[in-house]
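Understanding the architecture of this molecule
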Amino acid sequence: MSGTPPDDDGAPPPDADDPLGLAREIADSYRGTGAPLRPRRRRTDGSTPRRRKSREDPTTVADALGALVRQQGWDDRLSAQRVFTDWASIVGPEVARHSTVDGYEDAVLHVTTDSTAWATQLRLLAPRLVARLNEELGDGAVLRIEVRGPQAPSWKRGPRSVKGRGPRDTYG
């Protein structure tokens, strides 16, 4: 034992080589209760104990935005907007290569295709696609699909346009 006398409670003073013990000794002296402390158990698995979250704890942006979406009631509308990002995975790569989603409004999906043949095919597949979309996005998210084929070119503008009556039969 070292040459220093024991403290008032009979415990020997902490060694100079044990700074953690010295810090505990100082903290115990400020407590003022005088009650003996239980020895601390060290966790062998290296984990830290879980504590309850308080209001002052920092939160992630994703958690804050998720809470805002739930609070405002935007869950259904946001899940329905997934049709724009997940179109290829929902309908398949072949259909997605020839069609694009133009809009979604009031549970009606507007799709444009690159040919009239694909427009006809999508019109025939519409009931199956509506069922698949509702399965992925939530029941009732899509009620109807409006399919449009490619739009015909307009002759009203451009380098070859004619002011007046426009193109006519010149073989007359």
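So, here's what we can say about the structure. Quantities reported herein were computed from a predicted structural model and do not represent experimental measurements.

Let us look at the overall build of the protein. Tallying secondary structure elements over the protein gives 7 helices and 3 strands in all. Taken from N to C terminus, the helices and strands of the protein fall in the order α-α-α-α-α-α-β-β-α-β. Taking all 172 residues of the protein together, the buried fraction comes to 22%. Long-range contacts, defined here as pairs at least 24 residues apart, represent 45% of the contacts in the protein between residues at least 6 apart. When the accessible surface of the protein is totalled, it reaches about 14,700 Å², and 53% of it is carbon and sulfur.

For helix α7 (residues 116-137), built from 22 residues, the straight-helix expectation of 32 Å at 1.5 Å per residue is missed by more than 12%, its first-to-last C-alpha distance being only 28 Å. The largest bend along α7 measures about 60° and falls at alanine 126, with the proline proline 127 one to four residues further on. Residues of α7 that are buried include every one of Ala119, Leu122, Ala126, Leu129, Val130, Leu133, Asn134 and Leu137, and no others. Phi turns positive, to about 120°, at glycine 138, one or two residues after α7.

Let's shift gears to the nonpolar core. Across soluble globular proteins, you tend to see nonpolar side chains buried next to one another. With 22 residues, the main nonpolar core has Trp87, Leu109, Leu133, Val142 and Ile145 as its most contacted residues. Only α5 (87-91), α6 (93-98), β1 (99-105), β2 (108-113), α7 and β3 (144-148) provide two or more residues apiece to this core. With 6 residues, α7 is the largest single contributor of residues to this core.

Counted by the stated rule, this structure contains 5 salt bridges. Note that arginine 132 is salt-bridged to glutamate 135, the shortest N-O span being 3.4 Å. Remark: glutamate 135 and arginine 132 occur in helix α7; sequence separation between them is 3 residues, near one turn of the helix. Owing to a relative accessible area of 59%, glutamate 135 belongs among the exposed residues under this scheme. Between arginine 132 and glutamate 136 there is a salt bridge, with its nearest N and O atoms 3.0 Å apart. Taken together, the residues span about one helical turn, with arginine 132 and glutamate 136 both in helix α7 at a distance of 4 residues. Classification of glutamate 136 as partly exposed rests on a relative accessible area of 32%.

Peptide bonds are, in most cases, trans, and in most cases residues other than glycine have a negative phi. In this model, aspartate 106 sits at a positive phi of 55°, which is unusual for a non-glycine residue. Structurally, aspartate 106 is set in the loop between β1 and β2. Its identity is not glycine, yet alanine 107 carries a phi of approximately 65°, on the positive side. Position of alanine 107 among the secondary structure elements: in the loop between β1 and β2. On the basis of relative accessibility, which here comes to 13%, the residue alanine 107 falls in the buried class.

What counts, and where the lines are drawn
- What you see as residue numbers is a count from 1 along each chain, following the sequence as written.
- Restriction of local features to residues with pLDDT of at least 70 applies here, the model being predicted, together with a cutoff of 80 or more for giving and counting side-chain atom pairs; totals for whole chains, interfaces and linings are based on all residues.
- Here the side-chain values reflect all heavy atoms present in the structure, with hydrogen atoms and water set aside.
- In DSSP terms, a helix is any run of H or I states spanning at least four residues, a strand is any run of E spanning at least two, and both are numbered starting from the N terminus.
- Buried residues are those whose accessible area, probed at 1.4 Å on protein chains only, stays under 20% of the maximum for their type, while exposed residues exceed 50% and partly exposed ones sit between those limits.
- Only heavy atoms matter for contacts: two residues are in contact if any of them lie within 4.5 Å across the pair.
- In these tables, accessible area is a Shrake-Rupley quantity obtained with a 1.4 Å probe, and a residue counts as shielded only by the protein chains included in the view.
- Expected helix span is computed as 1.5 Å times (number of residues minus one).
- What we call the bend at a residue is the angle made by axes fitted to the seven residues finishing there and the seven residues starting there.
- In these notes, a set of buried Ala, Val, Leu, Ile, Met, Phe, Trp, Tyr and Cys residues joined through side-chain atoms within 4.5 Å is what counts as a nonpolar core.
- Throughout this description, the term salt bridge denotes a Lys or Arg side-chain nitrogen within 4 Å of a carboxyl oxygen of Asp or Glu.

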